[in-house]
Amino acid sequence: MRRKLIAGNWKMNKSYNESQILAEEISKNIEPTITENTDVLICPPFISLGVISEIIKDSGIKLGAQNVYSENDGAYTGEISAEMLKSVGCEYVIIGHSERRKFFYETDEDVNAKVKKALDNGLKVIVCVGETLEEREKGDFEKAVTAQVTGSLEKISKESMRDVVIAYEPVWAIGTGLNATPEQASEIHGMIGNTVSKLYDSDTAENLRILYGGSVNAKNAKEMLSACGVDGALIGGASLKPDDFISIANEASKIK
Ligand code: PGA
């Protein structure tokens, strides 16, 4: 069975001090039995990555960033490189979140360039895909998600796919309290697996972890995480509440 991954996306929340308190609460209270069989990841804002890397170092919790740029260095004011993220202890980076696609106009091409650069620098990537409400209502969701998966993975080698995680996050379910049903999630996760199998092969698809994201909380986590093809969750709002985040990770660790 694929190892589950529970990832907390803190988005643009928590000051430098507040983020340390949150990281301490999570790392002090999480049971080692959870991180033994489940990958638990937190993705704080850039400014807190370095200090949090120290806070979580003996807790079994992993560190990730929420974005990265597709160049190594140079005159790109305001951007952060993959090497910089590695240097503060990041193992993962979230790429192509729907908020980046919507507010910062990131295209599949941009996402693909970032994925390549991050993988080349030894980071693991969580590539986000998901349809809008309009695409879901029109029945275009399979086409939309397949295009995102294909575009984001263009020219990514089969070997590199070991370090790729896909997060299926229907845009209409993010931060809205509306979550996809386990059946809807399973359907799309299966479809993503088929797309990856066609792009690579069945082994690559078999080893690929696909997370669900969109209003996952302590109450619905068990149901969503037990759905067929769901290998974990990308969590926004509930990842800012230490008890809820730990309880979701605990549910994941109990699923056989
Ligand atoms: P949410 O966010 O859990 O607050 O819906 C999920 C995400 O955007 O990754």
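Residues numbered from 1 in each chain as written. Predicted model: local features only at pLDDT ≥ 70, side-chain atom pairs only at ≥ 80, totals over all residues. Heavy atoms only, no water.

### Details of the layout of surface pockets
Which parts of space are left empty comes out when a probe the size of a water molecule is rolled across the atoms. Heads up, the condition is: Here the term cavity refers to a set of points on a 1 Å grid, laid over the protein atoms alone, in which a 1.4 Å probe fits but cannot get out; the term pocket refers to an open set having protein on both sides within 12 Å along at least five of seven lines, with lining residues being those that place an atom within 4 Å of a point. Grid points are joined across faces, edges and corners, and a volume is the space filled by probe spheres set on the points. Numbering goes from the N terminus for both helices and strands, where a helix is a DSSP run of H or I of at least four residues and a strand is a run of E of at least two. Under the scheme applied, nonpolar residues are Ala, Val, Leu, Ile, Met, Phe, Trp, Tyr, Cys and Pro; charged residues are Asp, Glu, Lys and Arg; polar residues are all the others, including Gly.
A volume near 510 Å³ is recorded for the largest pocket. Broken down by element, the lining of the largest pocket gets its largest block of residues, 3 residues, from helix 5 (residues 98-103). Tallied by class, the residues present in the lining of the largest pocket amount to 7 nonpolar, 5 polar and 4 charged.

### Quick notes on the sheet that holds strand 3 (residues 62-65)
One key point about sheets: their strands pair by backbone hydrogen bonds, in either a parallel or an antiparallel sense. Threshold: DSSP bridges decide pairing: two strands pair if at least two such bridges lie between them. For helices, the fitted axis covers only the stretch in contact; all axes are lines through C-alpha atoms, and the angles between them, taken along N-to-C directions, range from 0 to 180 degrees. Any two residues whose heavy atoms approach within 4.5 Å at even a single point are treated as in contact.
Overall, parallel pairing links the 8 strands, which are arranged 1-2-3-4-5-6-7-8 in a closed barrel. Strand-to-strand, the axes of this sheet are offset by a mean angle of 25 degrees, without reference to chain direction. When strand 1 (residues 4-9) meets strand 2 (residues 38-43), the two strands line up parallel, connected through 6 bridges. By the bridge assignment, lysine 4 is partnered in strand 2 with threonine 38. Across the sheet, helix 12 (residues 242-254) is in contact with strand 1, strand 2 and strand 8 (232-235); its angle to strand 1 comes to roughly 165 degrees.

### Structural notes on the nonpolar core
Note the cut-off: Nonpolar cores are built from buried Ala, Val, Leu, Ile, Met, Phe, Trp, Tyr and Cys residues. Side-chain atoms within 4.5 Å join them into one set. Exposure is judged per residue with a 1.4 Å probe applied to protein chains only, and the accessible area is read against the type maximum: over 50% gives exposed, under 20% gives buried, and values in between give partly exposed.
Ile42, Ile192 and Val196 are the most contacted members of the largest nonpolar core, which totals 66 residues. Apart from residues no more than four positions distant in its own chain, valine 196 is found in contact with Val149, Leu153, Met161, Ile166, Asp201, Thr204, Ala205 and Leu208. Counting residues in hydrophobic clusters, the runner-up holds 12 residues, among them Leu5, Tyr92, Val165 and Ala167.

### Brief notes about helix 9 (residues 182-199)
Note the threshold: Helix span, as expected, comes to 1.5 Å for every residue beyond the first.
Its 18 residues give helix 9 an end-to-end C-alpha distance of 26 Å, which sits within 8% of 26 Å, the value for a rise of 1.5 Å per residue. Residues of helix 9 that are buried: Pro182, Ala185, Ile188, His189, Met191, Ile192, Gly193, Thr195 and Val196.

### Here's the deal with the side chain of threonine 35
Within the secondary structure, threonine 35 is located in helix 2 (residues 32-37). We classify threonine 35 as buried; its relative accessible area is 12%. Excluding residues within four positions of it along the chain, threonine 35 makes contact with Arg3, Ile30, Val40, Ser59, Gly60 and Ile61.

### Some thoughts on the side chain of histidine 97
Along the polypeptide, histidine 97 turns up in the loop between strand 4 (92-95) and helix 5. Filtering out sequence-adjacent residues up to four positions away, histidine 97 remains in contact with Asn9, Lys11, Cys128, Glu169 and Ile174.

### Re the pattern of salt bridges
Under the convention used in this document: Salt-bridge detection follows one rule: a side-chain nitrogen of Lys or Arg within 4 Å of a carboxyl oxygen of Asp or Glu.
The full count for this structure, using the stated rule, is 15 salt bridges. Taking the shortest distance from any N to any O, the salt bridge between arginine 2 and glutamate 206 comes out at 3.7 Å. Taken together, the residues arginine 2 in the segment before strand 1 and glutamate 206 in helix 10 (residues 202-207) connect sequence positions 204 residues apart. Overall, the relative accessible area of 25% leaves arginine 2 in the partly exposed class. Here aspartate 39 and arginine 3 are joined by a salt bridge, their closest N and O atoms 2.7 Å apart. Within this pair, whereas aspartate 39 is found in strand 2, its partner arginine 3 is found in the segment before strand 1, the two being separated by 36 residues in sequence. Aspartate 39 gets classed as buried once you look at its relative accessible area, which sits at 7%. Connected through shared salt-bridge partners, Arg2, Glu206 and Asp231 make up one network.

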